[in-house]
Amino acid sequence: MLRCGQMIFAQALVCRHLGRDWRWIKGKKQMDNYFNVLNAFIDKKDSYYSIHQIAQMGVGEGKSIGQWYGPNTVAQVLKKLATFDTWSSLAVHIAMDNTVVMEEIRRLCQSNVPCAGAAACPALESDVLYNGCPEDVGLRGRLPLWKPLVLLIPLRLGLTEINEAYIETLKHCFMMPQSLGVIGGKPNSAHYFIGYVGEELIYLDPHTTQPAVEPSDSGCLPDESFHCQHPPCRMSIAELDPSIAVGFFCSTEADFNDWCQQIKKLSLVRGALPMFELVERQPSHFSNPDVLNLTPDSSDADRLERFFDSEDEDFEILSL
């Protein structure tokens with residue numbers, strides 16, 4: 001699941017810095033931003049989204065190193081790590097309680113306060129780009145009016161297996177231009193789902209052992225192992241574990257508004273039961289927003305478990 005979290009967030013950074021239409025071509029010379037993205041995920045302790053950083057940040061979430069992560073946990077960890085990635089300057093929102101609150105997202109994305117990790121990536125003295133840092137790091141404080149949004153929605157779509165009433169809605173989510181895919185899997189096996197064909201999900205499987213990648217003297221990376229060397233795998237939608245996290249990337253406010261309209265139209269699709277609710281303002285019955293929107297300094301593991309870890313709870317949300 002740690003690797004699946006890296007994959008869905010790497011897709012978000014590709015959309016952010018290279019554009020959704022960008023494609024990797026073996027042997028083709030790539031721009032600097034491409035290698036900046038790779039360096040943010042390389043297996044080095046000082047990389048923003050390295051497996052070391054994810055595992056260590058998970059300790060603050062009450063997860064010991066080596067302990068099982070669910071989609072919800074890895075989403076919370078990635079949100080915290082993103083605050084230190086001032087190059088990408090992403091607004092990461094985790095929609096809890098199966099509810100997306102538009103007002104909260106607009107407030108988050110329209111914030112002009114510099115990220116807390118502004119000093120986490122110092123200016124470089126050479127042309128070698130490590131840790132996703134560009135040369136003009138001094139300009140990072142000039143944030144746009146709308147921060148690009150990464151929206152992750154942890155969901156439980158059944159008890160021990162997925163409720164088939166949600167399948168059509170899940171398919172429609174893959175079809176949206178803002179889709180980042182889904183992290184989840186089947187029992188004891190995490191996958192990153194990127195689409196579907198008929199009644200089968202298309203996924204990337206992180207359970208492949210490969211040699212560690214080391215930067216060359218020029219600062220470039222041998223990048224073949226970061227990309228698929230064979231066609232993606234398929235599995236029946238019915239085999240999907242009901243605990244998942246759906247991801248979306250909205251680069252602009254207009255992009256977010258378009259996503260909201262698509263979600264509203266989904267509720268009109270015959271036979272498609274909504275997986276989550278989209279509301280303008282936070283419902284009065286919601287929990288304390290200070291708990292649901294944690295800062296990197298939060299350390300109350302018991303409170304985190306109570307509010308965030310639902311992967312092992314036996315409940316099902318029904319829309320009546």
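Residues numbered from 1 in each chain as written. Predicted model: local features only at pLDDT ≥ 70, side-chain atom pairs only at ≥ 80, totals over all residues. Heavy atoms only, no water.

### Examining unusual backbone geometry
Excluding glycine, residues mostly have negative phi values, and the peptide bonds linking residues are mostly trans. Where we set the bar: The numbering of helices and of strands both runs from the N terminus, where a helix is a DSSP run of H or I of at least 4 residues and a strand a run of E of at least 2. Exposure is judged per residue with a 1.4 Å probe applied to protein chains only, and the accessible area is read against the type maximum: over 50% gives exposed, under 20% gives buried, and values in between give partly exposed.
Notably, serine 89 is not glycine yet its phi reads approximately 50 degrees, a positive angle. Turning to its location among the elements, serine 89 is positioned in the loop between helix H4 (71-82) and strand E1 (91-94). For serine 89, a relative accessible area of 4% translates into the label buried.

### Thoughts on the packing of aromatic side chains
The condition that has to hold: Two rings from Phe, Tyr or Trp (for Trp, the six-membered ring) form a pair when their centres sit within 6.5 Å of each other. Planes less than 30 degrees apart are called stacked, planes more than 60 degrees apart edge-to-face, and all others tilted.
Using the criterion set out here, one finds 10 aromatic pairs in the structure. Between phenylalanine 248 and tryptophan 259, the ring centres sit 5.2 Å apart and the planes meet at 55 degrees, which makes this aromatic pair tilted. Taken together, the positions of phenylalanine 248 in strand E8 (residues 243-250) and tryptophan 259 in helix H7 (residues 253-266) put the pair 11 residues apart, joining distant regions of the chain. An aromatic cluster of three or more residues is present, and its members are Trp146, Phe248, Phe256, Trp259 and Phe276.

### Some thoughts on the sheet that holds E8
Heads up, the rule is: Criterion used throughout: strands pair if DSSP finds at least two bridges between them. Every axis corresponds to a line fitted to the C-alpha atoms, with the helix fit spanning only the stretch in contact, and the corresponding angles, defined between N-to-C directions, vary from 0 to 180 degrees. Note on contacts: a residue pair is in contact if any heavy atoms of the two residues lie within 4.5 Å.
The mixed open sheet is built from seven strands, whose spatial order is E1-E3-E8-E4-E5-E6-E7. Of all the strands in the sheet, just E1 and strand E7 (233-236) have a single pairing partner and so form its edges. Shown here is a sheet whose adjacent strand axes are inclined to one another by a mean of 30 degrees, direction ignored. Of the pairings in the sheet, the one linking strand E4 (residues 179-186) to E8 comprises four bridges and is antiparallel in character. Across the sheet, the residue bridging to valine 182 is valine 246, located in E8. Where helix H1 (residues 2-17) meets the sheet, its contacts fall on E1, strand E3 (149-156), E4, strand E5 (189-197), strand E6 (200-204) and E8, and the angle it forms with E4 comes to roughly 175 degrees.

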